[in-house]
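Chain by chain, the residues run as shown.
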Amino acid sequence: MSNQSTSVMSKPEPTKVASVKSMRIALKLIANDAASLAQAANGANGSLHTNNNAFAAIKPCSLAETLGATAIPLEIDVSSLDGTSNTATNLNMSFRDYLAQAIERIEQQQTVLLSHPALPYRLLMMPAIVAAKHRCHPHAYLTGMGEGHELSDAVQQALTQAKRAHVSPTQIDATHCTSYKDKFFELIQLIGHLATRSLPTTNDSENNSTNKQYWFSEMHQSRVASFNFIEAEMQHAVVFVQGTELAQASSLLDNTRLFFPMSASTVSEILQQLTQLQSQLNAIINTNTSAAINVNHSTLLALMLNNLNQFDHQAGKAAVIMGNSIETACSEIEAMLAMLSTSDTLASSPSEVEYKTPSGSCLILTANEPLGTNGLCFVYPGVGTVYPQMFSQLPRFFPDLYAQLERDGDVKAMLQADSIYADNAKVTDMSLGELAIAGVGASYILTKVLSEYFNVKPNFAMGYSMGEAAMWASLGIWKQPHSMIEATQTSTIFTTDISGRLDCVRQAWQLNQSDDIVWNSFVVRATPADIEAVLTQYPRCYLAIIQGDTCVLAGCEASCKALLKQIGKRGIAANRVTAMHTAPAMLIHREVAQFYQQALHHNEQLEQTAQIKFISAASSQPINVSSLDIATSIADTFCQPLNFTELVNNARKLGAKLFVEIGADRQTTTLIDKIARTSPTVSEPCQAIAVNAKGGDDQTALLKCIAQLISHKAPVSLTCLTQGLANLLASTLKFEVNNLQADATLAPQLEGEQS
């Protein structure tokens, strides 16, 4: 690496496009602090650092800054590169030339710093071997370049040079860019996307949305992109591959996601803290000329961080204030104060208070043992809860988790990404096996989020229907749950036996392969007795599921409709072909048990789940953690009618009190609440909450769940929130300081212009 520095070359000679040869060039984005003045002057670009996910997620790196300080700066002559006139100078300078110059330097084992004064990030370029020597993890690698009169020729040339001729890269179209600044902006955008693993879109430069789609890749394959642009009437392609540096996790909390937990030993102390927080928030509003627009973000973030750090998990009482703005948070405080002032909670023996708002604020007061202390139960939903674009926000908050999942198995297959994240995706078009895989994948990810990032450990676990299999896969019991993805896609259990052509049903009904079966299931508000009174008259109808005040009737569609008409009930058609929980499914009980007889983790791993009691619909007692017992339990649940009401009541008898649904949407949460309200056999209080909700954003749903866990006194670690918020606060402070400096510099210039 050279310590040499070069002066700015205003008119360098055109350089022949260099090839990358056999070496890989490591690329690292580092902050360009000097850009703040230009950003402020240019207006729109001033918000890039905080709003654009590809920029804000880049971790500060002191090592990269050190290497950058000794790199050869190829500074940009903006007047020649970004001018609009067709001058000889413009023709002599090009984006291609700068890349070629950089590569020539790098091939001499030098480091190069490529930049533009108006953009917030510079590009540090070095030989991959130099990056490895200094343990500097790159965001991306440049591996090939090509040019031609046709774009396809240029791309293929670059891929061949990169030794990736067999790959179909993601195409990044920069052919519309005419200035160096625009091309360089698109380039650093792409490198940011490689670091964040977020899929580039055609309007990235204009779209600052944080809801980026995850960039799924094939199993154990790196992400590859071709950066395409036009110069000198030639098509150019540069191939980039993801690096080893992951993006920084985005903070779950920010100025639009406010979260203030409070802990105290008495209700009076809760009141005092609410009043104090209200004053602090009002003080922030009063220091700004426009409360809605010019809120001092760093002050608000610092207040939130301090509040989180002061939270005492050991205190007897807890409350949480949530809101999407300071004004909303103040309104939430007012409402909670009003509730407390009109209740008898200040008496020596406080009444039972369960207070929740749509914004997520909550307060639970009880004279009994809190529900989350020893009664936390994870509930895994069944097939059919997944929905298009589910969890699309989670990767940016938990990039390390998704990276680990990619190392362990096929994340794309685990979430059935081609179906779930496709344009105009319809889960109704997915097969039973695909729905089962995606459902287990959703539960697996949410289990990892709660257990590894918030240290939430359940005392109990249970599953609704096939959710029982998701339970064993997600809680670290099975050694290789990823291996079951392909098996589920190909097993006749899911493709033809109890779905598809329904071979089990054909055998039970003594039908030929050519005979048609019109199968459906109906959710009906009726008691089991209502249906069982006439069920024997309809041998091709089955009472498949009992769930609170509703049942699921399955079988021949015409027979089901006739039965419903006879008992005077209306049914809601599920329009899904599955014979689970019906008599024909018992014909493959042994095959189902064999399918789910999986190898278990070693004893050291299983010890981490020793405190969990695993509850099955097939048994009144917790299931022994052995391969055979687990497989038999799943097969029993899978093939026999499911009495979810009985399962919930049995879990409550065993000690479960706070049920947390771990999966897409909230299928079981509503059911459990209904069952708890109407159960004549169990009087102990209980409550169900969900981690996710269709139609809302993942971030808010997760925070609402954490807030309720806190208020119910379930052990929860807030380190994930404080670390993310501390990183956001640091970058926000830096950005605000840069803006203040820019304002101070621009002010006399503007005064001069006005004079």
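Summary of the structure given here. On a predicted model such as this, the values are computed, not experimentally measured, just so you know.

### Structural notes on the nonpolar core
Right, on to step 1. If you look at the biggest cluster of nonpolar residues, it comprises 163 residues, and the most contacted ones within it are F259, M390, F454, M462, Y596, F659 and L709.
Right, on to step 2. Sorting elements by how many residues they give to this core places helix α19 (residues 432-453) first, with 11 residues.
Right, on to step 3. Other than its neighbours up to four places away in sequence, M390 contacts L415, I420, Y421, A438, A442 and A664.
Right, on to step 4. Core analysis: the next-biggest nonpolar cluster, separate from the first, contains 40 residues, L29, A140, L194 and W215 among them.

### Observations concerning the environment of A329
Right, on to step 1. Tracing the chain through its elements places A329 in helix α13 (residues 326-342).
Right, on to step 2. As a C-alpha pair, A329 and Q278 span 51 residues in sequence and 8.3 Å in three-dimensional space.
Right, on to step 3. Among all residues touching A329, those that are not within four sequence positions of it are L258, L281, I321 and G323.

### A word on the pairing of strand β16 (residues 541-547)
Right, on to step 1. Within β16, 7 of the 7 residues are buried, leaving the element largely enclosed by the surrounding structure.
Right, on to step 2. By the bridge criterion, 6 bridges tie β16 to strand β17 (residues 550-556) in an arrangement that is antiparallel. By the bridge assignment for β17, Y542 is matched with A554.
Right, on to step 3. Remark: 2 residues form the turn of the hairpin made by β16 and β17, two consecutive strands paired antiparallel; G548 in that turn has positive phi of roughly 70 degrees.

### Things to note about the pairing of strand β10 (residues 317-323)
Right, on to step 1. Burial runs high along β10: 7 of the 7 residues are buried.
Right, on to step 2. Residues K317, A319, I321 and G323 line one face of β10 and the alternating positions A318, V320 and M322 line the opposite face, and both faces are buried.
Right, on to step 3. As judged from the 7 bridges shared by strand β9 (residues 258-264) and β10, these two strands associate in the antiparallel manner. When the sheet's bridge partners are listed, L258 is paired in β10 with G323.

### What about helix α4 (residues 62-69)?
Right, on to step 1. Taken residue by residue, α4 has A64, L67 and G68 as its buried positions. Each buried residue of α4 sits inside an arc of 100 degrees when the element is viewed along its axis, so together they form one side. Structural note: α4 exposes S62 and A69 on the side pointing more than 90 degrees away from its buried face.

### Quick word on helix α12 (residues 297-310)
Right, on to step 1. Its 14 residues place the ends of α12 20 Å apart at the C-alpha level, agreeing with the 20 Å of an ideal helix rising 1.5 Å per residue.
Right, on to step 2. Within the sequence span of α12, burial applies to S298, L300, L301, L303, M304, L305, N307 and L308.

Reading the values: rules and limits
Residues numbered from 1 in each chain as written. Predicted model: local features only at pLDDT ≥ 70, side-chain atom pairs only at ≥ 80, totals over all residues. Heavy atoms only, no water. Core = buried A, V, L, I, M, F, W, Y, C linked by side-chain atoms within 4.5 Å. Buried < 20%, exposed > 50% of the residue type's maximum accessible area, 1.4 Å probe, protein only. Helix = DSSP H or I, 4+ residues; strand = E, 2+ residues; numbered from the N terminus. Contact = heavy atoms within 4.5 Å. Pairing = 2+ DSSP bridges. Arc of directions from axis to C-beta. Expected span 1.5 Å × (residues − 1).

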